[in-house]
Amino acid sequence: MKIVNQDAHLVESLFGNDVKKAATRDGYGQALLELAETDPDVVVLSADLTESTRTLEFSKRYPERFIEAGVAEQNMAGMAAGLAFEGKIPFVSSFAVFSPGRNWDQIRVSICYSKANVKIGGSHTGLTTGGDGATHQALEDIAMMRCLPNMVVLAPCDVIETKKATIAAARHKGPVYIRFARDKTPVFTTDKTPFEIGKAVVFREGSDAAIIACGTMVYPALQASEELAALGLSVMVVDSPSIKPIDIETIVASAKDTGAIVTCEEHQIYGGLGGAVAEVLAARFPVPQEFVGVNDTFGESGEPRELWDKYGLTVDHIVKAVTKAVARKGGY
Amino acid sequence: MLTVSDLDILELEAMANTIRQDIIRMLVSAGSGHAGGPLGMAEVFTALYFRVMRHNPDNPDWEERDRLVLSNGHICAVRYAAMARSGYFPVDELLTYRKIDSRLQGHPHNLSLPGLENTGGPLGQGLSQAIGRCLAARMDDKDYRVYCAMSDGEHDEGQTWEALMFAGNHKLRNLTTLLDRNNIQIDGHTEDIFPLEPLRAKYEAVKWHVIEIDGHNIRQIIEACGEAKAVYEKPTAIICHTIPGKGVDYMENEPEWHGKAPSAEMGERALEQLHAEGERIRNGIAKLRG
């Protein structure tokens, strides 16, 4: 049986040592350069984090369409709204802890309620931000953005998907939040892997349980499914980069097909992808669900690997969560 | 410089008086809302809508129009009244203000009513949006002007200062703010709650051109907006010294009237005073016309 969904067009050697690594933030920067070439309305704003958000090259090539906002994220979000009302497609770029972290009200009122066509790129999400410590590790951004009417929330899984998400955001009319990360992570999708706002993609077929993951946790979810296969469990893996709108159809189908769900995200359990999936399933097809994510705590300084281990985000944690979800199928 | 005759000024004063009466009727009908700020800014909004701004009520989205961003959205009653009186929508609709299914939200929503440039209410957000529009005009080589009406109280907000520094540094000469310096905020007088002075010096320090005027003197408002157009290399702040609750004796300068509506009976008293003032203005017009 072919367990990897061929329609997902993942890399040939999914678990090989030759899997390349790149940071998802690179995909954001690459997409902006590509968009700028064809769309003169694309404008980039940065809050003193131009290199870190990978918008430096854009600022050099298109200085007339680049706005250095300084360390002033609230004004940056408001200016973006004003630019959008005049027909521009502004990309607001910073670390997610600052934007949307400290300009939430501006995003709520000036952007979402006003339906301003603004895109917000939040970098350095998750524990993989590493040594900078908890202040700079965004673990609440999905929750903050998901509750806002009119907002689309995207959490792509690798550099290629981040590029696609950024381009899709520009094409979408309305506010979009895209979260990405600092650290280099495996590049395992390809240009042919489908991406669409509102759609999840089954990366691996399975019948005993389904892991629904986003962002940096999708690759560990695939690794976990491989380990579980060795234990005799057939586990589906669903990449759900579109957290809002969420793909109700695919999520309900995965619950019906497997009867047990595990959600994985580098984010607080409260308010993230797991909550979004639970909202879908509780109303339509309730099955046992386990949550892999950060459990109501802040992070700290450390190497990404160490932090994932300490805060419960490793392949091993996912394997245990799946085993538990499967065991609960009989009801407890 | 614009030439404005004494007769023009009196006619604009008569319009400001009409707008004040509209505001009182709206507040009484709604049973809630803000009185002080809207009454204090009646001359400023009259001057903007009836003299200063390039706009077309029949084509609210006209690309070449001047933009008016209202940052302190709670004074929207004065904007709604000025818009209705200049032909954006029927005057009767003013009485739907703050009611269910109305286009006239308690704090203005850009998508609810054509001609509103922004959503406003949470203080400090308007100037940033105005700046975004100025930047777009610069990129696209457009010559529309962006006006931003602001309150003094919202200078407590950090975002206001982020925006002021940005605009000054970027020499946004197409930007003019009209600052309602009425010295009150909800909890009392600004200089007791969160002192702002020396306000002019602060603006000048962040590279703005500053004009201080009597915000009830329509000629001064028009001339200041004219001067702002002539200032290159800097955005202009017109500090409009106003009396909150202007025209209604029991509201004038009283912080308690910042955010409340008069009862029907108090509203009648207010309208009597405003009618009398309107009568005086009309007599003046008749005299000038001979």
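## A few points about the sheet that holds strand S2 (residues 146-151) of chain B
Residues and elements named next belong to chain B.
Point 1. The strand order across the open sheet built from five strands is S1-S2-S3-S7-S6, with neighbouring strands paired in parallel fashion. Taken across any chain shown, the strands that pair with only one partner, and hence form the sheet edges, are strand S1 (67-70) and strand S6 (209-214). Here the average twist between neighbouring strands, direction ignored, is 20 degrees.
Point 2. As paired elements, S6 and strand S7 (residues 236-241) share six bridges and run parallel to each other. Residue Glu212 lies in a different strand from S7, and its bridge partner there is Ile239.
Point 3. The sheet contacts of helix H5 (residues 126-140) involve S1, S2 and strand S3 (175-181), and relative to S2 the element is tilted by about 170 degrees.

## Considering the domain arrangement of chain A
Residues and elements named next belong to chain A.
Point 1. Examined at the domain level, chain A breaks down into domain 1 (6-19 + 192-330) and domain 2 (21-186).
Point 2. Averaged C-alpha coordinates put domain 1 and domain 2 at centres separated by 24 Å.
Point 3. Listed per partner, the contact involves 40 residues of domain 1 and 38 residues of domain 2.
Point 4. Counting the surface lost from both domain 1 and domain 2, the interface buries some 2,900 Å², and carbon and sulfur atoms represent 62% of this.
Point 5. Of all residues in domain 1, the largest losses of buried area upon contact with domain 2 belong to Phe195, Lys244 and Glu266, amounting jointly to 23% of the total for that side.
Point 6. Here domain 1 and domain 2 share one salt bridge between them.
Point 7. Put simply, Glu279 and Arg146 hold a salt bridge, and the shortest N to O gap is 2.9 Å.
Point 8. Remark: the boundary between domain 1 and domain 2 carries 22 residue pairs in polar contact (both at pLDDT 80 or more).

## Brief notes about the environment of A:Leu32
Residue and element names in this part refer to chain A.
Point 1. You can see Leu32 is positioned in helix H1 (residues 24-38).
Point 2. Take Leu32: its relative accessible area is 0%, and that puts it in the buried class.
Point 3. A sequence separation of 23 residues divides Leu32 from Thr55, and the C-alpha atoms of the two residues are 7.7 Å apart.
Point 4. With sequence-adjacent residues up to four places away left out, Leu32 is seen in contact with Val44, Thr55, Phe58, Phe91 and Thr166.

## A few points about the pattern of salt bridges
Oppositely charged side chains can form a pair if their charged atoms are brought close together.
Point 1. In the structure shown here, the tally under the stated rule is 37 salt bridges over all chains.
Point 2. Here A:Arg204 ties to A:Glu226 by a salt bridge, and the two come within 2.7 Å at their closest N and O atoms. Of this pair, A:Arg204 sits in strand S9 (residues 201-204) while A:Glu226 sits in helix H7 (residues 218-230); the two residues are 22 residues apart in sequence, bridging distant segments of the chain.
Point 3. Exposure remark for A:Arg204: the relative accessible area of 3% places this residue in the buried category.
Point 4. Measuring nitrogen to oxygen at the nearest pair gives 2.9 Å for the salt bridge that ties B:Asp6 to B:Arg219. Here B:Asp6, found in helix H1 (residues 6-30), pairs with B:Arg219, found in helix H9 (residues 218-230); they are 213 residues apart in sequence, far enough to count as distant.
Point 5. Given the relative accessible area of 26%, B:Arg219 is considered partly exposed.

## Concerning the packing of H1(B) against helix H10 (residues 264-289) of chain B
Residue and element names in this part refer to chain B.
Point 1. Contact geometry for H1 and H10: axes closest at 9 Å, N-to-C directions at 165 degrees. Taken together, H1 and H10 sit at an angle that is classed as roughly antiparallel. For the crossing formed where H1 meets H10, the hand is left-handed.
Point 2. Residue classes in the contact of H1 with H10 are distributed as twelve nonpolar, six polar and seven charged.

## Points about the packing of aromatic side chains
Point 1. If you walk through the whole model with that rule in mind, you get twelve aromatic pairs over all chains.
Point 2. Ring pairing ties together the aromatic residues A:Phe15, A:Phe188, A:Phe203 and A:Tyr219, which thus form one cluster.
Point 3. The side chain of B:Arg67 reaches across the aromatic face of B:Tyr144, ending 3.6 Å from its centre.
Point 4. Over the aromatic face of B:Trp257 sits the side chain of B:Lys260, whose NZ or CZ is 4.6 Å from the ring centroid.

## With respect to the sheet that holds S9(A)
Residues and elements named next belong to chain A.
Point 1. The five strands lie next to each other as S9-S11-S10-S13-S14, forming an open sheet whose pairing is mixed. One side of each edge strand has no neighbouring strand; the edge strands of this open sheet are S9 and strand S14 (289-294). The average angle at which neighbouring strand axes cross in this sheet is 25 degrees, direction not considered.
Point 2. Sheet topology places S9 next to strand S11 (residues 235-239); three bridges connect them, and they run antiparallel. Its bridge partner lying in S11, Val202 is registered against Val238.
Point 3. The strands touched by helix H11 (residues 315-327) are strand S10 (209-213), S11, strand S13 (261-268) and S14; relative to S14, the strand with the most contacts, the crossing angle is about 160 degrees.

## Focus on the side chain of B:Gln125
Point 1. In this fold, B:Gln125 is placed in the loop between helix H4 (76-85) and H5.
Point 2. Looking at B:Gln125, the relative accessible area reads 3%, which means it is buried.
Point 3. Side-chain polar atoms of B:Gln125 contact the side chain of A:Asp105, separated by 2.9 Å.
Point 4. Within the structure, B:Gln125 has its side chain in polar contact with the side chain of A:Ser110 (distance 2.5 Å).

So, how was this worked out
Residues numbered from 1 in each chain as written. Chains lettered and ligands numbered in written order. Predicted model: local features only at pLDDT ≥ 70, side-chain atom pairs only at ≥ 80, totals over all residues. Heavy atoms only, no water. Pairing = 2+ DSSP bridges. Helix = DSSP H or I, 4+ residues; strand = E, 2+ residues; numbered from the N terminus. Axes fitted to C-alpha atoms, helices over the stretch in contact; angles between N-to-C directions. Contact = heavy atoms within 4.5 Å. Domains from an automatic or database assignment. Buried area = accessible area lost by both parts, 1.4 Å probe. Salt bridge = Lys/Arg side-chain N within 4 Å of Asp/Glu carboxyl O. Polar contact = N/O pair within 3.5 Å; in protein donor to acceptor, adjacent residues only side chain to side chain. Buried < 20%, exposed > 50% of the residue type's maximum accessible area, 1.4 Å probe, protein only. Parallel < 35°, antiparallel > 145°, perpendicular 65-115°, else oblique. Left-handed = near helix turned anticlockwise from the far one by under 90°. Nonpolar A, V, L, I, M, F, W, Y, C, P; charged D, E, K, R; others polar. Phe/Tyr/Trp six-rings, centres within 6.5 Å; stacked < 30°, edge-to-face > 60°. Lys NZ or Arg CZ within 6 Å of the ring centre and 35° of its normal.

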